[in-house]
Every structure is written in structure tokens, then in C-alpha cells.
Amino acid sequence: MLAVVSMGNAQAQSEVEGSLEADFVSSYVWRGLNLGHVSLQPELSVGWKGLSLTAWGSVGLSGHKDDFREIDLTLSYETGGLSLGVIDYWTDEHDKRFFYFKKDGTGHAFEGFVSYDFGPVAASWQTIFAGNDYQESNDKRTYSSYFQLQAPFRLATCDWEATASLVPWASDYYSTNGFSVTYLSLRATKDIKITDSFSLPLFGQLIANPASQGMYFVAGFTLKAF
């Protein structure tokens, strides 16, 4: 259930391009929800002329009983500042079968998204349209949705990003009873030069969830193969 929508980061390349990288994080916090402890989160992406296919994963490294595996697949298209696509979130938290899609226990949730990068601020809207997104009280589909604003800036030799997000209506998926601000974040990233040809991006992120009154600090680094 847990990829991050990319907004305005890619160019419409004329040749096929790919990337492989992995984040090591001190804890796994997504959209204001605490989902795990120390984790490895690899990402593999292929893009061509604005069309991209990305596989993202997360696996807990702490050995804690609540850690679970996750695989997210994203198909997206970007032109100018506009980006739209579909994400398949899957976890083995309740069922280990990846190819199981029935309502009674699937680990999949399918989300459509649209985003636009205005320059100083980027905005996105995501809605889950299929998979394990139902209200426990009446077993009806919730169409859980999420609205996000991101503002990148440069300060004191670091790259910063401020994010504010909300859930517009009640959702068991996000543990909300109605309109709720669930994610306020400030993240700083700095490339640490190791050799003339290799730098290690380090990041720290302060995250608040006003709806649940949660507060988190996440640190990590990124290894890039290509």
C-alpha cells in the first residue's frame, strides 16, 4: 500500500532509461501511519517518453513480529508538470499470496492518482478504487482518498521538502472518522561526498499526524546503483 507519488521529477526521455536504488530507514512511516521498524526499501524503475514502470518494496530488518513485506507496482505517465497513473499496493500482513485478489483477504489495494507540479508547489490526489478498502461497519467500499501538497526548497546546503496532506472523508484504511489532516512533514537531504565519484545521500524527516497525535523522526540514507 505504500509507494510515494512522484511529482515533476522525471523528464520525457526519448531513450529507455532505468534506475536502481535502495533506502535504509530507521522506521517506516507512510502518510502519517507508523508501519514498521528499521527497513530496507529498494526501487527499480524503467522509463521511456514520459511513461514509466516502477517496482518498490519494503522489508523489515529488525526481526520484530509486526514487520511485513511489501511490493508496490506503479504505472505512470508524465507530460510537462502533469503526472497520472495507477499503483498496486501489496503487503503480506494478512495473507502471503500475491496472486490472490478476492475480497475476503487480498493484500492488494489499487490506487489511481493525478498530480501537477506548479513549480514552487506540487499537488496530488489519490483514490483507492479496488482491493482491500472497505468500511468495517458496513462492508462498503470507501474509496479512500488522499490530497497532498509538497514544496521543495534549498537552505543551508541541504535540499528540503515541506509536505502537508489530508484525508477528505472517513476511512478505515487511514484510520480516520472524517476530514482529517494526517501528515505534516519536513525533510532535509544532503549528499555526503565519500570519493570523487561517489556520494551518499543522507536524510532526516520530522513527521506529525495531527489526526492521531502521532510524532515521528525518521533518518536514513540512499544507495544508488544507476
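Preceding this paragraph is the structure being described.
These remarks concern the structure in this document. Computed from a predicted structure; not experimentally measured. (Residues numbered from 1 in each chain as written. Predicted model: local features only at pLDDT ≥ 70, side-chain atom pairs only at ≥ 80, totals over all residues. Heavy atoms only, no water.)

1. Some details on the overall build of the protein chain
Item 1. A tally of helices and strands in the protein chain yields zero helices and 14 strands.
Item 2. Along the protein chain, helices (α) and strands (β) appear in the sequence β-β-β-β-β-β-β-β-β-β-β-β-β-β when read from the amino end.
Item 3. Counting only C-alpha atoms and orienting by the principal axes, one finds that the protein chain spans roughly 60 × 40 × 35 Å.
Item 4. With 226 residues in all, the protein chain has 43% of them scored as buried.
Item 5. Of the contacts formed within the protein chain by residues at least 6 apart in sequence, a portion of 44% connects residues at least 24 apart.
Item 6. Of the roughly 12400 Å² of accessible surface on the protein chain, a fraction of 61% belongs to carbon and sulfur atoms.
Item 7. Looking at the protein chain, you have 15 positive and 25 negative side-chain charges, and the mean spots of the two groups are 2 Å apart. (Helix = DSSP H or I, 4+ residues; strand = E, 2+ residues; numbered from the N terminus. Buried < 20%, exposed > 50% of the residue type's maximum accessible area, 1.4 Å probe, protein only. Contact = heavy atoms within 4.5 Å. Areas by Shrake-Rupley, 256 points an atom, 1.4 Å probe, with all protein chains shown as cover. Lys, Arg positive; Asp, Glu negative; His and termini not counted. Charge placed at Lys NZ, Arg CZ, Asp CG, Glu CD.)

2. Focus: the sheet that holds strand 4 (residues 39-48)
Item 1. What the 12 strands build is a closed barrel, ordered 1-4-5-6-7-8-9-10-11-12-13-14; its pairing is antiparallel. This sheet shows a mean twist of 20° between the axes of neighbouring strands, independent of strand direction.
Item 2. As defined by bridge partners, strand 11 (residues 158-167) adjoins strand 12 (residues 180-195) across nine bridges and the pair is classed as antiparallel. Bridging from a neighbouring strand, Leu166 pairs with Val181 of strand 12. (Pairing = 2+ DSSP bridges. Axes fitted to C-alpha atoms, helices over the stretch in contact; angles between N-to-C directions.)

3. Considerations on the pairing of strand 3 (residues 33-36)
Item 1. Across three bridges, strand 2 (residues 28-30) lies against strand 3 in antiparallel orientation. Across the sheet, the residue bridging to Trp30 is Leu33, located in strand 3.

4. Remarks on the pairing of strand 4
Item 1. As judged from the nine bridges shared by strand 1 (residues 17-25) and strand 4, these two strands associate in the antiparallel manner. Bridge pairing in strand 4 links Phe24 to Leu40.
Item 2. Pairing of strand 4 with strand 5 (residues 51-60), which is carried by eight bridges, proceeds in the antiparallel orientation. Opposite Leu40, over in strand 5, you have Val59 as the bridge partner.
Item 3. Counting the residues in the hairpin turn of strand 4 and strand 5 gives two residues, including Lys49, whose phi is positive at 50°.

5. Re the packing of aromatic side chains
Aromatic ring pairs are described here by two measures, namely the spacing of the ring centres and the angle between the planes.
Item 1. A complete count under the given rule lists 14 aromatic pairs for this structure.
Item 2. On the basis of an interplanar angle of 50° and a centroid distance of 6.0 Å, the ring pair of Tyr28 and Trp56 is categorised as tilted. Of this pair, Tyr28 sits in strand 2 while Trp56 is found in strand 5, placing the two residues 28 residues apart along the sequence.
Item 3. With a centroid separation of 5.4 Å and an interplanar angle of 80°, the aromatic rings of Tyr173 and Tyr174 are classed as edge-to-face. Just as Tyr173 is buried, Tyr174 falls in that class too.
Item 4. For Arg31, the ring lying beneath its charged end belongs to Tyr146, and the centroid distance is 4.5 Å.
Item 5. Cation over ring: Arg187 sits above Phe203, and NZ or CZ is 4.0 Å from the ring centre. (Phe/Tyr/Trp six-rings, centres within 6.5 Å; stacked < 30°, edge-to-face > 60°. Lys NZ or Arg CZ within 6 Å of the ring centre and 35° of its normal.)

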